[in-house]
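Chain by chain, the residues:
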Amino acid sequence: MTNPTFSFQTLTPDLILDAIESTGIRIDSGLTELNSYENRVFQLMDEDRQRYVAKFYRPERWSDSQIGEEHSFARELSDSEIPVVAPLSLNGQTLHHFAGYAFTLFPSVGGRAYEIDNDDQLEWVGRYMARIHQVGQQKLFSERPTMGLDEYLYQPRAVLERTSLIPAKLKPAFLTALDSLISEVEQYWTTDWAPVRLHGDCHPGNILWRDGPLFVDLDDARNGPVIQDLWMLLHGERQEQLIQLDILLEAYGEFADFDSQQLKLIEPLRAMRMVHYLAWVARRWQDPAFPKSFPWMTDESFWLRQTSAFMEQVKLLQAPPLQLMPMY
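The structure presented is a predicted model; accordingly, all values stated were derived computationally and were not measured.

Regarding the sheet that holds strand β8 (residues 207–209)
Step number 1: The strand order β6-β8-β9 describes an open sheet built from 3 strands, whose pairing is antiparallel. Taken across any chain shown, the strands that pair with only one partner, and hence form the sheet edges, are β6 (112–113) and β9 (213–215).

Shown next, in the form of structure tokens:
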């Protein structure tokens, strides 16, 4: 488990440069910090005008063997001609160490944002997600976890009960709503799905577009149900989501079968993500980057909204799940 008091304060520019140069890369210019909260990510250019992205992993979050599984999966996908940004192998390895930090170098790739309202792009993503899962089902992660209630609800619940971010006068109502949500998820969560290796965090921000989709950031890769990599691509009102789901799964079905029983996991997974996200920020609050990036976490109004959001999510869990549109 990550030390909650750890921050990246010792990761100075000089240390970053020395770490990267220890791999044999000679930096010419750059070292621009990119948007990342969990890790620290930088863009740079070497003497040959080649651009790279350096990712420094948060210590104690993943073991070397767990990071190695992420790298192996990314390279498997890339070798299968699936557009995933895989880590570079330098001096025969993809994971490097310097001054207590584990880091990796990737090629720097550009692209524009994935368009969530573009049905053609959604089709492309659906086809490639099926191919990702075809590779993912060939074997499971042995070191990385499998999605479940303990990691996504029970442990976060303990974190949220302890955190001082929630005003004391609001915490009882918040925890009551949280417990109701957990109880409801327990009724609808099942484990009757075949786990596969997942991207794990396939929201639109982790898809770039370069004449087709380009998938980035497998930092949250783990075993789980395939619907985890699909539901975050849906947005809008229920009818809009039904149309998007139909487009997505029709394209997915060109390369892999989809178990429609997993549709009932969408709202439990959404609830699990809501709770896990709040606990993630609370766990990281001692990292100076988090209070700067999430200032609203100290506002009473924020926690009132979260309490209401939990109650609304209970209603969504109780509603009929999304279903494929009938064929005529």
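There is more to say after this.
A few points about the packing of aromatic side chains
Step number 1: The full count for this structure, using the stated rule, is 21 aromatic pairs.
Step number 2: Relative to Trp193, the ring of Trp189 has its centre 5.9 Å away and its plane inclined at 70 degrees; by these criteria the two rings are edge-to-face. In this pair, the class of Trp189 matches that of Trp193, namely buried.
Step number 3: With centroids separated by 6.0 Å and ring planes inclined at 85 degrees, the aromatic side chains of Trp280 and Phe294 adopt a geometry described as edge-to-face. Placement of the pair is Trp280 in helix α7 (residues 266–283) and Phe294 in the loop between α8 (289–293) and α9 (300–318), with a sequence separation of 14 residues.
Step number 4: For Trp280, a relative accessible area of 17% puts it in the buried group.
Step number 5: Classification of Phe294 by relative accessible area gives buried; the value is 4%.
Step number 6: Positioned above the aromatic ring of Trp62, the side-chain terminus of Arg144 is 4.0 Å from the ring centre.
Step number 7: Taking the ring centre of Phe141 as reference, the NZ or CZ of Arg197 above it sits at 5.9 Å.

So, the pattern of salt bridges
Once the charged atoms of two side chains with opposite charge are near each other, the side chains can pair.
Step number 1: On inspection of all chains with the given rule, the structure shows 23 salt bridges.
Step number 2: One salt bridge connects Glu38 with Arg61, and the closest N-O pair in it is separated by 3.0 Å. Taken together, the residues span a long stretch of sequence, with Glu38 in the loop between β1 (27–34) and β2 (40–46) and Arg61 in the loop between β3 (51–56) and α2 (64–79) at a distance of 23 residues.
Step number 3: Judged by relative accessible area, which is 9%, Glu38 ranks as buried.
Step number 4: Residue Glu76 is joined to Arg197 by a salt bridge in which the shortest nitrogen-to-oxygen separation is 2.8 Å. With Glu76 in helix α2 and Arg197 in strand β7 (residues 196–198), this pair connects stretches of sequence that are 121 residues apart.
Step number 5: With relative accessibility at 2%, the residue Arg197 sits in the buried group.

Rules behind the numbers
- Residues numbered from 1 in each chain as written.
- Predicted model: local features only at pLDDT ≥ 70, side-chain atom pairs only at ≥ 80, totals over all residues.
- Heavy atoms only, no water.
- Pairing = 2+ DSSP bridges.
- Helix = DSSP H or I, 4+ residues; strand = E, 2+ residues; numbered from the N terminus.
- Phe/Tyr/Trp six-rings, centres within 6.5 Å; stacked < 30°, edge-to-face > 60°.
- Buried < 20%, exposed > 50% of the residue type's maximum accessible area, 1.4 Å probe, protein only.
- Lys NZ or Arg CZ within 6 Å of the ring centre and 35° of its normal.
- Salt bridge = Lys/Arg side-chain N within 4 Å of Asp/Glu carboxyl O.

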